[in-house]
Amino acid sequence: MNCIRRILGFMLMMPILAVAQPEQEEAVKEHLFAINGYGKIATIREADGWKTTNPHLLVGVGYFIQNGWLVFGEGEMNDEFCITQLYVQKAFSERVNIRLGKMTIPLGMANLYASPTDHFSVFLPEGEETVLPTESNRTGLSFSGEASSWHYELQYMLYQDTSAVVAHFGKEIGETFGMAASGYFDGKFIASADVHFDTEAVAVRAIGTYSQRNEAWHTGIEAGYNILHLSEKISQKLFLFSRHDYTRAEAKDQIFTIGLNYQPLSEICIKAEYARKIEAEENRFAIGVGFSF
């Protein structure tokens, strides 16, 4: 939600308005196409040798019409193509937006921080698959907005013969720290909370999710140190990072990961990591590249 609003609304709209002639400004404000998304691919070495994952590409296109109306569509290509989001939104103010259509449930790292530039590790946590709803993009009604440093989203979602209520609240403290909490209820509940701390030198992200339906929970934390931050002449970033994931369902599973995350630009990341699955006693090497736009 925040990514779409900030990238589409600010990064793309403002530069166009800045170069528009006065008589053109009103038309630009009323009619504007914008695009965002990400892509990633990885190569893994496990016990049976090297293999390459399927390329993963997600592209969203928004059309700002007039009087606060937005039409947004998003498609994802992994094993096959699917429409992940398709909705109409009306913005009454910064505090109140109403959205109707298919959209993403703001729950878990796989939904909130799926872009490869939003996490250090090559892969999103495997354990979240047992905790999150089976379908993370559903059709329904959403209310969202921002007030001061707070943001929120309330959803009423439909899926097959069931319905669910979703709530997400977050707060940004300054430019470096943020925290959020989400809840999902369809007769049984799922709860999730996350925090992040980001500076030029250090980045720390943590998330925890519990599912009453599956009696399962997952926690993940990653921390990185930018070893290039001391040089004022180098704008690139090279993070040395570590990550720990713990999942408890019918059995427990732990994964320790260490690696490097190189960012020549803020929109591009090149990743290399070594991961150890403790209970399974398996090792994994992975190299990946990702980008966002």
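Please read all numbers here as calculations on a predicted model, not as lab measurements.

**Let's talk about the overall build of the protein**
And step 1. The helix and strand inventory of the protein stands at 3 helices and 17 strands.
And step 2. The contacts of the protein with a sequence gap of at least 6 include a subset with a gap of at least 24, amounting to 43%.
And step 3. Accessible surface for the protein amounts to roughly 15,800 Å². Of this, 62% is attributable to carbon and sulfur atoms.

**Quick word on the pairing of strand 6 (residues 97–104)**
And step 1. As judged from the 6 bridges shared by strand 5 (residues 81–91) and strand 6, these two strands associate in the antiparallel manner. The residue bridging Gln89 from the neighbouring strand is Arg99, located in strand 6.
And step 2. Between strand 5 and the antiparallel strand that follows it, strand 6, lie 5 residues.
And step 3. Sheet topology note: the strand 6/strand 7 (residues 137–147) ladder contains 8 bridges and is antiparallel. Bridge pairing links Ile98 to Phe143 in strand 7.

**With respect to the pattern of salt bridges**
And step 1. By the definition in use, this model includes 11 salt bridges.
And step 2. Across the pair Glu222 and Arg243 runs a salt bridge, and its minimum N-O distance is 3.3 Å. Taken together, the positions of Glu222 in strand 13 (residues 216–226) and Arg243 in strand 14 (residues 237–248) put the pair 21 residues apart, joining distant regions of the chain. No difference in accessibility class separates Glu222 from Arg243, as the two residues are buried.
And step 3. The salt bridge involving Glu273 is made with Arg284; its shortest N-O contact spans 3.6 Å. Residue Glu273 is located in strand 16 (residues 268–277), and its partner Arg284 is located in strand 17 (residues 282–292); the two are separated by 11 residues in the primary sequence.
And step 4. Judged by relative accessible area, Arg284 falls into the buried class, the value being 8%.
And step 5. In the salt-bridge network here, residues are joined through shared partners; they are Asp198, Arg205, Glu222, Arg243 and Asp245.

**Considerations on the pairing of strand 1 (residues 32–46)**
And step 1. Inspection of the sheet shows strand 1 paired to strand 3 (residues 56–64) by 9 bridges, in the antiparallel sense. Paired with Leu32 across the bridge in strand 3 is Phe64.
And step 2. Alignment of strand 1 against strand 17, held across 8 bridges, turns out to be antiparallel. Bridging from a neighbouring strand, Lys40 pairs with Gly290 of strand 17.
And step 3. Bridging between strand 1 and strand 2 (residues 49–52) involves 4 bridges; their strand directions are antiparallel. Counterpart to Glu46 in the pairing with strand 2 is Gly49.

**Section: the side chain of Asn261**
And step 1. Along the chain, Asn261 falls in strand 15 (residues 252–265).
And step 2. The class for Asn261 is buried, based on a relative accessible area of 1%.
And step 3. Within polar-contact distance, the side chain of Asn261 engages the backbone oxygen of Phe120 at 3.0 Å.
And step 4. Setting aside chain neighbours within four positions, we find Asn261 in contact with His119, Phe120, Lys237, Leu238, Phe239, Phe241, Cys269, Ile270 and Lys271.

**Details of the side chain of Gln263**
And step 1. Within the secondary structure, Gln263 sits in strand 15.
And step 2. The exposure class of Gln263 is buried, given its relative accessible area of 13%.
And step 3. In terms of polar contacts, Gln263 uses its side chain to reach the side chain of Asn261, at 3.3 Å.
And step 4. Contact partners of Gln263, with chain neighbours within four places excluded, come to Gln236, Lys237, Phe239, Ile268 and Cys269.

**Looking at the environment of Val59**
And step 1. Mapped onto the elements, Val59 comes out in strand 3.
And step 2. What makes Val59 partly exposed here is its relative accessible area of 28%.
And step 3. Considering only alpha carbons, one finds Val59 and Ile35, 24 residues apart in sequence, at a separation of 7.2 Å.

**Details of the confidence of the model for the protein**
And step 1. Of the residues in the protein, 89% reach a pLDDT of 70 or more, and the chain-wide mean stands at 89.
And step 2. Confidence over residues 1–29 falls short of pLDDT 50; this stretch has 43 contacts with residues more than four positions distant or in other chains.

**Some words on the packing of aromatic side chains**
Aromatic rings considered in pairs are described by the distance between their centres and by the relative angle of their planes.
And step 1. By the definition in use, this model includes 8 aromatic pairs.
And step 2. Geometrically, the ring pair formed by Phe291 and Phe293 is stacked, given 6.1 Å between the ring centres and 25 degrees between the ring planes.
And step 3. Put simply, the rings of Phe120, Phe239 and Phe241 pair up and form one aromatic cluster.
And step 4. The aromatic ring of Phe92 is capped on one face by Lys90, whose charged end is 5.5 Å from the ring centroid.
And step 5. Arg205 extends its terminal NZ or CZ atom over the ring of Phe120, reaching a point 4.4 Å from the ring centre.

**Quick word on the environment of Tyr87**
And step 1. With respect to the helices, strands and loops of the structure, Tyr87 is situated in strand 5.
And step 2. For the pair Tyr87 and Met103, spaced 16 residues apart in sequence, the C-alpha to C-alpha distance is 7.0 Å.

About the thresholds
- Residue indices follow the written sequence of each chain, beginning from 1 at its first position.
- pLDDT decides what is reported in this predicted model: residues at 70 or higher carry local features, side-chain atom pairs at 80 or more are listed and counted, and totals for whole chains, interfaces and linings draw on all residues regardless.
- Side-chain numbers here rest on the full set of heavy atoms in the structure, without hydrogens or water.
- Each helix is a run of DSSP H or I of at least 4 residues and each strand a run of E of at least 2, with the numbering of both proceeding from the N terminus.
- The criterion used for residue contact is that any of the two residues' heavy atoms lie within 4.5 Å.
- Computed with the Shrake-Rupley method and a 1.4 Å probe, the accessible areas treat only the protein chains shown as cover for residues.
- We call two strands paired when DSSP finds no fewer than two bridges between them.
- Any carboxyl oxygen of Asp or Glu that lies within 4 Å of a side-chain nitrogen of Lys or Arg is treated as forming a salt bridge with it.
- Between buried and exposed lies partly exposed: a residue is buried under 20% and exposed over 50% of the maximum accessible area for its type, with that area taken using a 1.4 Å probe on protein chains only.
- The term polar contact refers here to a pair of N or O atoms within 3.5 Å; inside protein, the definition further demands a hydrogen-donor-capable atom paired with an acceptor-capable atom, and it admits residues adjacent in sequence only when both atoms are side-chain atoms.
- As a per-residue measure, pLDDT tells how confident the predictor is, with possible values from 0 to 100.
- Each pair of aromatic rings taken from Phe, Tyr and Trp, with Trp reduced to its six-membered ring, is defined by centres within 6.5 Å and is described as stacked if the planes are under 30 degrees apart, edge-to-face if over 60, and tilted in the remaining cases.
- Charge over a ring is defined by NZ of Lys or CZ of Arg lying within 6 Å of the ring centre and within 35 degrees of the ring normal.

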